Amino acid sequence: MGPRDYKKYRNSKQRAKILELLRTTKSHPTAIWVYENLRKEFPSLSLGNVYRNLNILVELGAVQELKFGSTFDRYDGNVQPHYHFICEQCSEIQDLNLDQDHIINSRVEELINCRVYHHRLEFYGVCGKCGGEGNRKTLRAKGDI
């Protein structure tokens, strides 16, 4: 998005606060979470306002929308390419500190004769808080992994 695209939308205190909130949390919140955290500061804020502003921020490239189905969409203030781990028990999303594997792009290009610009990759399992580490140790002891 170029500077002209930002002029398409007038400045909004609510949108600026939503962006600030997303950039200061690592929880990858839902729109409802954003609404609940800002409604005291903005009494006239509606959930519809939050969704509209989130859509604008996504369009402007200021935040990422992480689509996991109609009840699981989350938003990420970190727009730098990175991977995620999603806990299948508590739905927590964690950023992974891994370099992106650009070899995957080349392999897909060769496989289907196309041009890949980027990819998104999520890992699913059970986080340590939900017993993932304990489960992994048990599986290792049994020789399953």
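For clarity, every value in this text was computed on a predicted model and none was experimentally measured.

What counts, and at which threshold
In this numbering scheme, every chain counts its residues from 1 along its sequence in written order. Note on the predicted model: pLDDT of at least 70 is required for a residue's local features to be given, and 80 or more for side-chain atom pairs to be given and counted; whole-chain, interface and lining totals, by contrast, use all residues. By convention in this description, side-chain values take in all heavy atoms of the structure and omit both hydrogens and water. Each residue is placed in one exposure class: buried if its accessible area under a 1.4 Å probe, protein chains only, is under 20% of its type's maximum, exposed if it is over 50%, and partly exposed if it falls in between. The secondary structure listing takes helices from DSSP runs of H or I that are at least 4 residues long and strands from runs of E that are at least 2 residues long, numbered from the N terminus. Here, strands pair whenever DSSP counts at least two bridges between them. Known as pLDDT, the predictor's per-residue confidence is scaled from 0 to 100. Should any heavy atoms of two residues lie within 4.5 Å, those residues are counted as being in contact. The angle between two axes is taken between their N-to-C directions and runs from 0 to 180 degrees, where each axis is a line fitted to C-alpha atoms and a helix contributes only its stretch in contact. Angular relationships are summarised with four words: roughly parallel below 35 degrees, roughly antiparallel beyond 145, roughly perpendicular across 65 to 115, and oblique for the angles in between. Two helices that cross are described as forming a left-handed crossing if the nearer one is turned anticlockwise from the farther one by less than a right angle, and a right-handed crossing if clockwise.

Student: So what about the pairing of strand 3 (residues 83–87)? Which residues, and what values?
Tutor: If a strand is regular, its side chains alternate between the two faces of the sheet. Of all the five residues making up strand 3, five are buried; the element is thus mostly covered by neighbouring parts of the structure. Along strand 3, one buried face is formed by Y83, F85 and C87 and the opposite face, lined by H84 and I86, is buried too. As defined by bridge partners, strand 3 adjoins strand 4 (residues 93–96) across four bridges and the pair is classed as antiparallel. Looking at the pairing, Y83 lines up with L96 of strand 4. Here four bridges tie strand 3 to strand 5 (residues 122–125), and the two strands are oriented parallel to one another. Within the sheet, the bridge partner assigned to F85 lies in strand 5 and is F123.

Student: Lay out the confidence of the model for the protein in plain terms, naming residues and giving numbers.
Tutor: Here the protein averages 86 in pLDDT, and 83% of its residues register 70 or above. Between residues 138–145, whose pLDDT stays under 50, and residues either more than four places distant or in other chains, the model counts four contacts.

Student: Which residues make up the packing of helix 3 (residues 31–38) against helix 4 (residues 47–59), and what are the values?
Tutor: It is the contact of helix 3 with helix 4, at a shortest axis distance of 9 Å, that shows an interaxial angle of 120°. Taken together, the axis directions place helix 3 and helix 4 in an arrangement best described as oblique. Helix 3 and helix 4 meet at a crossing whose hand is right-handed. Seen from helix 3, the contacting residues are A31, I32, V34 and Y35; seen from helix 4, they are L47, V50, Y51 and L54.

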